Amino acid sequence: MMNHAGLIIALLLAVGVLSTALRSRTFGQRVLTVLAALALYFTLLPPSMTGRGDVLTVLSAGAERVARPSRVSAPQVVLPGVAGELASVPDLATALRQYPAVTALHVVGDGLPARDREWVRRLGLSLTWQAPLPARGVQQAAASAYAVPGSLWRIAGRTAGDALQVELTDPAGAVVARARPDGQGEFALSATLRGEGEFLFGLRLLDADGALVEALMLPVVVRREPPPRLLLLAGGPQPELKFLRRWATDAGLPLASRITLRDELALGELTLTPTELGQSDVLILDERSWASLSEQEQAAIIAAVEQGLGVLLRVTGPLPERVAEQWARLGFTVQAAPLPSALRLGAERAYDPRQLFTRRPITVRSDGAQVLLRSDQGEALALLRGHGQGRIGLWWLTDSYKLAQSGAASHFGALWAETIGALARPAGQARPELPAWAFAGERLTLTDVLPGASVLNPQGQSTALLVEAGQAGYWPRSAGWHQLRQGGESWPFYVQAADAARRLRAAADRAATEALVRPAHPAAPVSVVQQPLARGPFFGIFLALMTALWWLERRGVRAV
Amino acid sequence: MNVPLAALLRAARWRVARQLLALAAPWLALLAISAWLSGAYRQLLALALLGLLTTFFAYRQARALDWRWLVRRLDALHPALEDSSALLIADPVSLPTVARLQQARLLARWPELGMQDIRPPWRHRAWLVSACAALLCALLLLGLPRLPWPAPREQGNTVSLTSELLSARLTVTPPAYLGLPDSVLTDLAGEVPEGAQLSWRLQFSPEPQAVSLHFHDGTRVALRAEAGYWSGERRLLQGGLYRIVLEGAPALAPASLYRLDVRRDAAPIIRLIAPDKTLTVLQAPQPQWALAFSASDDVGLGEASLLVTLAQGSGEQVRVSERRQMLPGVGEARSRRYATTLDLKAMGFAEGDDVIVRFQVQDQRAPKPNISRSAALILRLPNARSADTAAMDGLLTKTLPAYFRSQRQIIIDTEALLAEKPRLSEADYLDKSDALGVDQKILRLRYGQFLGEEFESGQEGHAPETGADHRADAGAAAHTDGHEHAHQPEAAASSRFGEAGDVLAEFGHTHDQAEAATLLDPDTKRILKAALAQMWQAELKLRLGQGEAALPYEYQALDYIKQVQQSTRIYLARVGLELPPTDPARRLTGERSESSPPVDGLSASRPELVPATALYQALTSGSRPDWAGFDAWLRAHEAELPDALGLLADSDALQRQANCQACRLRLLARLWALLPQPASHVPRRRLPSAAQQAYREALEQ
């Protein structure tokens, strides 16, 4: 087809040239006519050059920070967002339609955005990546979007760039925590949540001079949850129990306890019956109270654990052999070991990281157990293990009450709240999975959504969601608190402004692009394509020649 | 051959150019006036540009009139020229003969035609239209804001429901001493220096009858009308919120609250340069003491002085002399350095003396300057003798606690002693009985104090008593060993019961203490007196070793004391015991399942419910907030709260617009800082969703 068109154009041009040239008076005019015809031909059908047609260089956002060769032989496209360059294509899919032979991408810059990564995966393109150093800013910030009142809300994140300081500001704007990122740029901050409702904390990144580098909004929804019913059995009074009971009572946990003082005398009148255990969520006991339980009671506890009860076994002294045997059957093989008993809990747990705590000098072997609490050296101080539908924990830190005693009652409360929360029978409603970061103008996916759900935006407009297999997509237009409404419940989530947290988004793109990197197979045939030259220059030449011809003609007329 | 064609052409050109300039002139003038009125220099630039452009176009139009135009024009105007006026321009030499003839004819005719005006006619009407349009624009620009009728509303409503603030201007005149220029706050809010004179100048539409500014603390500033403007003044000493309240006109459209913060003039900051510590203890006398301070202030420093106190002598002979000495400073107004040298020799500073110096500096705040004082600097040359006690800065007091038995204890002890009597020797019995008598005495004295009785015994030399009584004076401290025969009067004197250091009691003689005596009502006094009498008797018998005889008195005394005690008690009405009704179906079955679950005995601490918490809870739960209580609490605690004005403003905004979601979130965020910290609640594990549950069950099978 192309060739036919070319032939026809060539013939037409030849006829035109001949007819014109025959009428021309000077040799120069004839030559120019022929040249102009040639130029016109090449404008219409540009000549091709051979080149590597299978590799497409893609300039993505941040490409301006990469030193790259000024001339590239392979085709190149510019995605939107590159500073100093006009985007040549709106997205990668467009570029791939323009270059259908492409099998490999060479990405320059901070990586491909989500809409483009999809195509790399779908078409199975191999990808090489030339990345600049990450720009200074917050690369990652993770915090739970839902929390309970009074809890210690933790933010862990990573920054790029050196000599920085990270500050956490509370909703009223006061700085509540400061941290200096470590060598890898990682930081951890925490704040105690006070009221209930939706709040926006601020995360501010400051440089060495205290000037603001970046500011992020961290949303948190503080909601009360049904308090677990707690049973407490102890073989003797201890300060740990005093503070534990105090915290549990203040936090509104229904608490029943029995602390044995001596034979037949105990504080509290708790008796373990299957009903009692079935109604409760967590049982805390120590080795002495375990040893004093009857076989039926022990069996009742284990049966209740299989039905979902959480049990925390506290090691407060040397284990009697029988108890050790029974606990080994529950999955915790405890052995005394000559270990130092003093330890520190680290800045994450203790208000004063230098404060010393005590543990039982034991080693615990447990298959498939998860560490519930670690010292600052990384040694386990509490383990957690699933058993049936419930969970059993082993705890051998003996004086966590020192936290409360030294004034950090919130840290003590947070430690036990998290421990009990991990053990307790599940009770919280199944929550739809909301995205950690949502941005205005960016599609987001909501998971575990019930049919008939809708989203209420800050302007009060409701959008019904199309739910398919528990998933729904939503495209927020404006920033602010949105509410996912389903089944009479509403779940708030925050949508960030379209230009918020750019470094964080770039970092996410980088990580995702990194995962896509797959160099082309070395044995793969290098496809050579005929790449047409640009038409522009030929058209320019044609225009120049025609102008010259016109001028010559005109001069001739004047001369006459 | 003298045809002034060139002059004709020139005239025509000028006419065209002038015409264009005349058309543009009103608009240029309009632009110039508006630039002058608004003081916008950008408009002046536009004016110059437009002027240049007009000139250029005028020139272009003028140039467009060339010879050909002239010829056509002449031909059109004068038929007598027979369409041959082009010949008038041509050179006769180059013309063919016929043409030359025609040219000659024309030239001959020319004078008849006269100096014809061939200029295009003056376009009066166009100019008039342009000028009128410009004038109209000018009127609109200048006169519009002052038009007496209300500005037309966009909705086209003829009746406006809200007033509008057409122009607002708040001029802040800082106090003179600050030396700051006046500033203008167009948004009527901001931070102003303390003591600044504020003057408002507001304009409203429609015109109200009266305008006043209502401040949040209840004060009001009434504005007066002056030439279409409302103005008023106030001196601002404390930050505040205010609102513009109109009378005789609808309220303002955005009924906003304006916030004025006060930038306080900070007190000067003093830094000590020499000496480097507040207490300098000299080892050897020195003739001079060099002192140096530096002070800085945010505005400017005022006068500085040094308060020098010389304390001479020791013990009770300390003589204190004070003098104040002005200190000149070196440096600029905001930061100065002060140095002086005290001539100790001239002051008569000697061994054992202290020189205490305080530096004091003022700033220039008016009317009352801020004053900063440094810590007291002490120069001490200790006495050689007193060197070792220099560190002993306090008075050692030797006070023993008061030990004494109660009446009931005395009875019990007496009975025990009587029971023990057969096993005791006579002397031992007497000894113990006597000791009990001493206790009885102490108790009697104790109660006697309530009646204002004099503390009659125990003074050495004042009331000579027996050796046994000496022991009694020594009080229970001595009594506790029970066998203290080797009695030491000096020790006893110093450790006398509860009264060490009581010089008056030791040397003087106090009788009734009026205060103590009148404390009790006559009835109680009477019973107490009777009790004391019984105690006397009991003491007497005990001292004589007649325990059996003492007991009735003791009982009687106890009875009286109880009467006194009970006379002050409050009795509550008795209520019957209300037990829950018994459930006969469950009784004696041993089933505990139905009973209420056991609970821990502790009760939860309830954090103090400040109105902030209550408001917060109301806002989050959606119930009706108690605004009045919160506002009252806020006003009462304005000084203690970090940003009370902000809180007031936000709560006010929400009160006015109850369904403003952004206002609600803002107020919640502000209240956050005031909330007490609750005990950490427990985050719960989530129940598995249906799919998760199914997966789990499948795994388990």
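Nothing here was measured: the structure is a model prediction, and the numbers come from that model.

Draft legend 1. The overall build of chain A, seen in detail. A count of helical and extended segments in chain A gives 13 helices and 32 strands. The contacts of chain A with a sequence gap of at least 6 include a subset with a gap of at least 24, amounting to 63%. As displayed, chain A offers around 27,800 Å² of accessible surface, 55% of which is attributable to carbon and sulfur atoms.

Draft legend 2. Just the overall build of chain B, in detail. The helix and strand inventory of chain B stands at 21 helices and 19 strands. Here chain B holds 701 residues, and 36% of them are scored as buried. For chain B, the exposed surface amounts to about 43,200 Å²; the carbon and sulfur share of it is 57%.

Draft legend 3. Structural view of the pattern of salt bridges. Residues and elements named next belong to chain A. In this structure the tally under the stated criterion is 34 salt bridges over all chains. Across the pair E276 and R229 runs a salt bridge, and its minimum N-O distance is 2.4 Å. Here E276 is found in helix α6 (residues 274-279), whereas its partner R229 is found in the loop between β13 (212-222) and β14 (230-234), with 47 residues between them in sequence. For the pair shown, E276 and R229 are each scored as buried. Residues K402 and D399 are paired through a salt bridge, measuring 3.1 Å at the closest nitrogen-oxygen approach. Of the residues examined, K402 reaches a relative accessible area of 25% and is grouped as partly exposed. Taking relative accessible area as the criterion, D399 reaches 5% and is therefore assigned buried.

Draft legend 4. Local environment of the interface of chain A and chain B. Opposite the 57 residues of chain A that make contact, chain B presents 33 residues. Inspection of the chain A/chain B interface yields 2 salt bridges. A salt bridge links D281 of chain A to R684 of chain B, with the shortest nitrogen-to-oxygen separation between them at 3.7 Å. Elements supplying a minimum of two residues to the side of chain A that touches chain B: β12 (197-206), α5 (239-250), β15 (255-262) and α11 (409-423) of chain A. In terms of residues, the side of chain A that touches chain B owes the most to one element, α11 of chain A, which gives 8 residues. Of the residues belonging to the side of chain A that touches chain B, the class tally is 26 nonpolar, 14 polar and 17 charged.

Draft legend 5. Fine view of the pairing of strand β7 (residues 229-236) of chain B. Residue and element names in this part refer to chain B. Within β7, 6 of the 8 residues are buried, leaving the element largely enclosed by the surrounding structure. Both strand β4 (residues 196-205) and β7 contribute to a ladder of 7 bridges, which runs antiparallel. Pairing of L202 across the sheet is with W230, part of β7. Here 3 bridges tie strand β6 (residues 220-226) to β7, and the two strands are oriented antiparallel to one another. Bridged to R224 within β7 is S231. Counting the residues that bridge the hairpin from β6 to β7 gives 2 residues, and of these A227 lies at a positive phi of roughly 50°.

Draft legend 6. Here's a closer look at the sheet that holds strand β15 (residues 329-331) of chain B. Residues and elements named next belong to chain B. The strand order β10-β12-β16-β15 describes an open sheet built from 4 strands, whose pairing is antiparallel. Strand pairing shows two members of the sheet lacking a second neighbour, β10 (269-274) and β15, which therefore form its edges. On average, each strand axis in the sheet is inclined to that of its neighbour by 25°, with strand direction left out of account.

Draft legend 7. The arrangement of the sheet that holds strand β11 (residues 186-192) of chain A in detail. Residue and element names in this part refer to chain A. Strands sit in the order β6-β8-β11 across an open sheet of 3 strands; the sheet is antiparallel. Each edge of the sheet is formed by a strand with only one pairing partner; in this case those strands are β6 (137-143) and β11. In this sheet, neighbouring strand axes are inclined to one another by 25° on average, regardless of whether the strands run parallel or antiparallel. The sheet contact formed by β6 and strand β8 (residues 152-160) spans 6 bridges and is antiparallel. The residue bridging A143 from the neighbouring strand is I155, located in β8.

Draft legend 8. A nonpolar patch on the surface, seen in detail. Together, F27, V31, V34, L35 and L38 of chain A give the surface a local cluster of nonpolar side chains, amounting to about 450 Å² of exposed area. Mapped onto the fold, F27 of chain A is located in helix α2 (residues 27-44).

Draft legend 9. Geometry of the environment of I118 of chain B. With respect to the element layout, I118 of chain B can be found in the loop between α5 (97-113) and α6 (124-143). It is 7.2 Å that separates the C-alpha atoms of I118 of chain B and L74 of chain B, two residues lying 44 residues apart in sequence.

Draft legend 10. Looking closely at the packing of helix α9 (residues 426-450) of chain B against helix α15 (residues 522-543) of chain B. Residue and element names in this part refer to chain B. Between α9 and α15, the shortest axis-to-axis distance is 8 Å and the interhelical angle comes to 160°. By the angle class used here, α9 and α15 are roughly antiparallel. For the pair α9 and α15, the sense of crossing is left-handed. Looking at the contact of α9 with α15 residue by residue, the classes come out as 12 nonpolar, 4 polar and 5 charged.

Draft legend 11. Just the environment of A408 of chain A, in detail. All names here are of chain A. Inspection of the secondary structure assignment puts A408 in the loop between α10 (401-405) and α11. Owing to a relative accessible area of 3%, A408 belongs among the buried residues under this scheme. Linking A408 and R349, residues 59 residues apart in sequence, is a C-alpha distance of 10.0 Å.

Draft legend 12. How the structure looks around the environment of V311 of chain A. Residues and elements named next belong to chain A. Relative to the elements of secondary structure, V311 occurs in strand β18 (residues 310-314). On the basis of relative accessibility, which here comes to 3%, the residue V311 falls in the buried class. For the pair formed by V311 and D281, sequence separation is 30 residues and the distance between their alpha carbons is 8.6 Å. In contact with V311, not counting residues within four places along its chain, are L283, I301, V305, R391, I392, G393 and L423.

Draft legend 13. Layout of the nonpolar core. In terms of nonpolar packing, the biggest core is built from 51 residues, with L168, L189, F201 and L203 of chain A together with L671 of chain B touching the most fellow members. Among the elements that make up this core, the one with the highest residue count is helix α19 (residues 644-656) of chain B (6 residues). If we ignore the near neighbours within four places in the chain, the residues touching L671 of chain B are A612, L615, Y616, L619, F630 and L647 of chain B. One finds L232, V282, L372 and L397 of chain A within the second-largest nonpolar core, a separate group that totals 38 residues.

Draft legend 14. Main features of α2 of chain A. Residues and elements named next belong to chain A. The end-to-end C-alpha distance of α2, which contains 18 residues, comes to 26 Å, matching closely the 26 Å that a straight helix rising 1.5 Å per residue would cover. Residues of α2 that are buried: Q29, L32, T33, A36, A37, A39 and T43. Buried positions in α2, seen along its axis, are confined to an arc of 165° and lie on one side of it.

Draft legend 15. Up close: the packing of aromatic side chains. Summed over all chains, the structure comprises 22 aromatic pairs over all chains. Here Y41 of chain A and F42 of chain A contribute two aromatic rings whose centre-to-centre distance is 5.7 Å and whose plane-to-plane angle is 70°, an arrangement assigned as edge-to-face. In textbook terms, an aromatic cluster arises when at least three aromatic residues are bridged by ring pairs, as seen for W153, F199 and F201 of chain A together with Y616 and W672 of chain B. One Lys or Arg, K242 of chain A, reaches over the ring of F243 of chain A and ends 5.3 Å from the middle of that ring.

Draft legend 16. Spotlight on the packing of helix α4 (residues 114-123) of chain A against helix α12 (residues 502-516) of chain A. Residues and elements named next belong to chain A. Between α4 and α12, the shortest axis-to-axis distance is 11 Å and the interhelical angle comes to 5°. On the basis of the axis angle, α4 is roughly parallel to α12. Residues A114, R117, V120 and R121 of α4 touch α12, and the partners they reach there are D509, A512, T513 and L516. Grouping the constituent residues of the contact of α4 with α12 by class yields 4 nonpolar, 1 polar and 3 charged.

Draft legend 17. Quick peek at unusual backbone geometry. Residue P275 of chain B follows A274 of chain B across a cis peptide bond; omega there is 0°. By the element assignment, P275 of chain B lies in the loop between β10 and β11 (279-281). Phi is positive for A501 of chain A, close to 50°, though the residue is something other than glycine. Locating A501 of chain A in the fold gives a position in the loop between β31 (489-495) and α12.

Draft legend 18. Structural view of the confidence of the model for chain B. Residues and elements named next belong to chain B. Averaged over every residue, the pLDDT of chain B is 77; residues scoring 70 or more account for 79%. When the criterion is pLDDT under 50, residues 146-158 qualifies, and its contacts beyond four places in sequence or with other chains add up to 5 contacts. Ignoring residues within four places in sequence, the model shows residues 457-506, a span with pLDDT below 50, making 57 contacts including any to other chains.

Rules of the game
- Residues numbered from 1 in each chain as written.
- Chains lettered and ligands numbered in written order.
- Predicted model: local features only at pLDDT ≥ 70, side-chain atom pairs only at ≥ 80, totals over all residues.
- Heavy atoms only, no water.
- Helix = DSSP H or I, 4+ residues; strand = E, 2+ residues; numbered from the N terminus.
- Contact = heavy atoms within 4.5 Å.
- Areas by Shrake-Rupley, 256 points an atom, 1.4 Å probe, with all protein chains shown as cover.
- Buried < 20%, exposed > 50% of the residue type's maximum accessible area, 1.4 Å probe, protein only.
- Salt bridge = Lys/Arg side-chain N within 4 Å of Asp/Glu carboxyl O.
- Nonpolar A, V, L, I, M, F, W, Y, C, P; charged D, E, K, R; others polar.
- Pairing = 2+ DSSP bridges.
- Axes fitted to C-alpha atoms, helices over the stretch in contact; angles between N-to-C directions.
- Patch = residues over 30% accessible without salt bridge, like charges linked within 9 Å, V, L, I, M, F, W, Y side chains within 5 Å.
- Parallel < 35°, antiparallel > 145°, perpendicular 65-115°, else oblique.
- Left-handed = near helix turned anticlockwise from the far one by under 90°.
- Core = buried A, V, L, I, M, F, W, Y, C linked by side-chain atoms within 4.5 Å.
- Expected span 1.5 Å × (residues − 1).
- Arc of directions from axis to C-beta.
- Phe/Tyr/Trp six-rings, centres within 6.5 Å; stacked < 30°, edge-to-face > 60°.
- Lys NZ or Arg CZ within 6 Å of the ring centre and 35° of its normal.
- pLDDT = per-residue confidence, 0-100.

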